[in-house]
Amino acid sequence: IQTNCPTCGGTGKIYKKDGKTLDGDGLERITEEVEVNVPTWVKDWVYLKMSGRWNAGFGGGPMGDLYLKVAVKPSDVYERKWDDLYTHVSMSIFDLVLGGEVSAPHPEGAFKVKIPKGTQLTDLIKVGNKGFGESWVFKNKGAMYIIPQVHIPKKLSKDQEKLRKQLHESK
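Everything quoted here is computed from the prediction, not taken from an experiment.

Cut-offs applied
Residues numbered from 1 in each chain as written. Predicted model: local features only at pLDDT ≥ 70, side-chain atom pairs only at ≥ 80, totals over all residues. Heavy atoms only, no water. Helix = DSSP H or I, 4+ residues; strand = E, 2+ residues; numbered from the N terminus. Areas by Shrake-Rupley, 256 points an atom, 1.4 Å probe, with all protein chains shown as cover. Pairing = 2+ DSSP bridges. Axes fitted to C-alpha atoms, helices over the stretch in contact; angles between N-to-C directions. Buried < 20%, exposed > 50% of the residue type's maximum accessible area, 1.4 Å probe, protein only. Polar contact = N/O pair within 3.5 Å; in protein donor to acceptor, adjacent residues only side chain to side chain. Contact = heavy atoms within 4.5 Å. Phe/Tyr/Trp six-rings, centres within 6.5 Å; stacked < 30°, edge-to-face > 60°. Lys NZ or Arg CZ within 6 Å of the ring centre and 35° of its normal.

## So, the overall build of the chain
Right, so step 1: The helix and strand inventory of the chain stands at two helices and ten strands.
Right, so step 2: Taken as a whole, the chain presents about 13,400 Å² of accessible surface, with 52% of it coming from carbon and sulfur.

## Remarks on unusual backbone geometry
Right, so step 1: A positive phi angle is found at Trp82, which is not glycine, with a value near 55 degrees.
Right, so step 2: Among the structural elements, Trp82 can be located in the loop between β5 (78-81) and β6 (84-92).

## Focus: the sheet that holds strand β9 (residues 125-127)
Right, so step 1: Pairing in this open sheet of four strands is mixed, and the strands run β5-β6-β10-β9 from one edge to the other. Each edge of the open sheet is held by one strand with a lone partner, namely β5 and β9. Across the sheet, the mean angle separating the axes of adjacent strands is 30 degrees when strand polarity is ignored.
Right, so step 2: Bridging between β6 and strand β10 (residues 144-151) involves eight bridges; their strand directions are parallel. Among the inter-strand pairings, Ser92 is bridged to a residue of β10, identified as His151.

## What to know about the environment of Ala110
Right, so step 1: Inspection of the secondary structure puts Ala110 in the loop between β7 (100-104) and β8 (111-115).
Right, so step 2: The class for Ala110 is exposed, based on a relative accessible area of 59%.

## Observations regarding the side chain of Thr87
Right, so step 1: Structurally, Thr87 can be placed in strand β6.
Right, so step 2: Residue Thr87 is classed as buried on the basis of its relative accessible area, which comes to 1%.
Right, so step 3: Among the polar contacts listed, one links the side chain of Thr87 to the backbone oxygen of Val77, at a separation of 3.1 Å.
Right, so step 4: Not counting the four nearest positions on each side in its chain, Thr87 is found in contact with Val77, Tyr78, Pro105, Met144, Tyr145, Ile146 and Ile147.

## Remarks on the packing of aromatic side chains
Aromatic ring pairs are described here by two measures, namely the spacing of the ring centres and the angle between the planes.
Right, so step 1: Taken as a whole and judged by the stated rule, the model has one aromatic pair.
Right, so step 2: Taking the centre distance of 4.9 Å and the plane angle of 15 degrees together, the rings of Tyr86 and Tyr145 count as stacked. With Tyr86 in strand β6 and Tyr145 in strand β10, this pair connects stretches of sequence that are 59 residues apart.
Right, so step 3: The class for Tyr86 is buried, based on a relative accessible area of 16%.
Right, so step 4: Here Tyr145 falls in the buried class, since its relative accessible area comes to 16%.
Right, so step 5: Here the guanidinium or amino end of Lys81 rests over the ring plane of Tyr86, the centre of that ring lying 4.9 Å away.
Right, so step 6: Sitting over the face of the ring of Phe111, Lys130 holds its NZ or CZ atom 4.6 Å from the ring centroid.

The quantities given are spatial measurements derived from coordinates; they are silent on function.
Quick look at the structure:
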């Protein structure tokens, strides 16, 4: 029975590093942690390429490329549809009727949103360029859509009660 040499794999070369004999291909098996900057616009199941971060090529060839498959974890606060973000924001009935300003959550930090007068519960409030996307020359970021959720107070102040009566009478 003839077989290849288990040390050199039949190449006739034995690779050594620091006095240690390496496997027949001359590659040292190491584990390395790689830090990756994932762009904010990345979508589910997109592959990110890291050039020259994989195994060396056969026979001393160049290093291969490492491909990472991205799985975006769902959020409890936001829903993503393509490059647009949707989120529910609690507001009072007075903000909807009279207009106002509320704080909306965002992955990069909360921001203020103006609520137009007469906003209905079925309306979506669009805020441009607050979604995801590649923000470069011919491509804009997506929008963020605020879905109103009414917060109905259990008790009204005297001024609020007076205003409620005025609104009720003006139907």
